[in-house]
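Topology and contacts: notes
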Amino acid sequence: MDIFRLFIISLMPVLKVLLVIIAGLILATQRFDLLGCDARRHLNNMVFYVFYPALIGCSLADTMTLEGLADLWFLPVNVLITCVIGSILGWILVIVTKPPRHLWGLVISCTSAANLGNMLLIILPALCEEKNNPFGGVASTCSANGKAYASLSLAIQIIYIWSVLYFLLRMYANNEVKETNSNNSIIVAANGCTRDVLHDPVGLPQIHNDGNQKVSTTVKFKQLFMKIMRSESLRKIFAPATIAAIVGFLIGIATPIRKTFIGDNAPLHVIYSATELIGNAGIPSITLIVGANLLKGLSGSGVGPSVIIGILIIRNIFLPISGIGVIKAAKRLSLVDEDSFYLFTLLIQYALPPATNIGTISQMLGSGESEFSMIMLWNYIVAILTLTFWIAFYMWLVI
């Protein structure tokens, strides 16, 4: 594969994301006003409750089998390693640059979680479908493997984002909200936007005893258990995307259930097809929201140049270099196979821009939307060059 074709392959997914971000920005302007504050909030809820769970569940159900899961066990471990390394570097960055405290969670999240969704789903099949496929084998088989790698990576990171980074971002968010009735769906945020109370986990309720009645230990434990089970904090850990990932795994690894839903001749294939169609709306919806939030960021944001430069250095230099060390160590310890395409996938996870899901959480919390959009804009501009370089270098390294 010549260097020009390699440049075009790696350039296309980045340009696609940039074009969708620009479209979101245009739709949020006063001239069109199609992605205003309320529209973004409703679209975020659709992504959170409908689009992303459908995307995750269908991708895993279609590509995961029990044998494949056993062969790919290091891939989810590698995703978590990238998150840990990125988090450590992010903590160092906030200590050095000292951004506003309510942005600490955003900075750490941007260095921790990479865009393992649309970037991998576009880059990996594109490489496989090249005429001079550098990884060898049949293009269709290579593309199927790439989809499996991307789906599993995305599922693991979705769980990490909604069970770890959500709480980190919420902890540092500076908005003060007033909780309404637990059955109500609307809350007013400090920035004037409304948002969903279901996205604001509350602390665990306390068991009260006025002292006039003796409550047995068993009753106290039962009350505590029931209140914990009803708490929003626990419900957020088991977010819709997490539940969808579990269901997708079960369908994929259970052969009788898999044959019921997956395949053109499956009796319930229409259910899978309809769900997959819904899930395809997830990635463009999130990217449009990022672009719409950029409108506010262009008028000024609380993140300084030093923070943006620090994130760019971490995501485009430190993390890709650390990935080489991790994968070389894994190979030396015989933790991964010698398959070049699999090794390339493990390496490229370290070189991608920040995850767009962080913008979804920022929108929900009403904090850091414009700052995240500015960070994303600069990351994708720089990624036009850096991602091209790392794709070429990683291919040279594994082939």
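Residues numbered from 1 in each chain as written. Predicted model: local features only at pLDDT ≥ 70, side-chain atom pairs only at ≥ 80, totals over all residues. Heavy atoms only, no water.

**A closer look at the overall build of the chain**
Heads up, the rule is: Each helix is a run of DSSP H or I of at least 4 residues and each strand a run of E of at least 2, with the numbering of both proceeding from the N terminus. Residue exposure (1.4 Å probe, protein chains only): buried if accessible area is under 20% of the type maximum, exposed if over 50%, otherwise partly exposed. Here, Shrake-Rupley sampling with a 1.4 Å probe gives the accessible areas, and only protein chains in the shown set may cover a residue.
The helix and strand inventory of the chain stands at 17 helices and 2 strands. Counting across all 399 residues of the chain, residues that qualify as buried make up 51%. Counting every atom, the chain has about 18400 Å² of accessible surface; 66% of that belongs to carbon and sulfur.

**Looking at a nonpolar patch on the surface**
To keep it simple, the criterion reads: A patch consists of residues whose relative accessible area exceeds 30% and which take part in no salt bridge; residues with like charges are grouped when within 9 Å of each other, and nonpolar side chains (Val, Leu, Ile, Met, Phe, Trp, Tyr) when within 5 Å. When a carboxyl oxygen of Asp or Glu lies within 4 Å of a side-chain nitrogen of Lys or Arg, that pair is called a salt bridge.
A contiguous nonpolar surface patch, about 490 Å² in accessible area, is contributed by Leu-19, Ile-22, Ile-26, Phe-32 and Leu-34. Tracing the backbone shows Leu-34 in the loop between α1 (3-27) and α2 (37-63). Note on Leu-34: relative accessible area 55%, which makes it exposed.

**Re the pattern of salt bridges**
This model, assessed by the stated rule, comprises 1 salt bridge. For Lys-331, the salt bridge identified is with Glu-338, shortest N-O distance 3.6 Å. On the accessibility criterion, Lys-331 (33% relative accessible area) is partly exposed.

**With respect to the packing of aromatic side chains**
Counted only if it meets this: Each aromatic pair joins two rings of Phe, Tyr and Trp (for Trp, the six-membered one) with centres within 6.5 Å, and gets the label stacked for planes under 30 degrees apart, edge-to-face for over 60, and tilted for any other angle.
A full pass over the atoms with the stated rule returns 12 aromatic pairs. Their ring planes at 50 degrees and their centres at 5.5 Å tell us that Tyr-149 and Tyr-342 sit as a pair that is tilted. Of the two residues, Tyr-149 is situated in helix α7 (residues 139-172) and Tyr-342 in helix α15 (residues 340-348); the sequence distance between them amounts to 193 residues. When the centroid spacing of 5.9 Å and the interplanar angle of 85 degrees are considered together, the rings of Trp-390 and Phe-393 count as edge-to-face.

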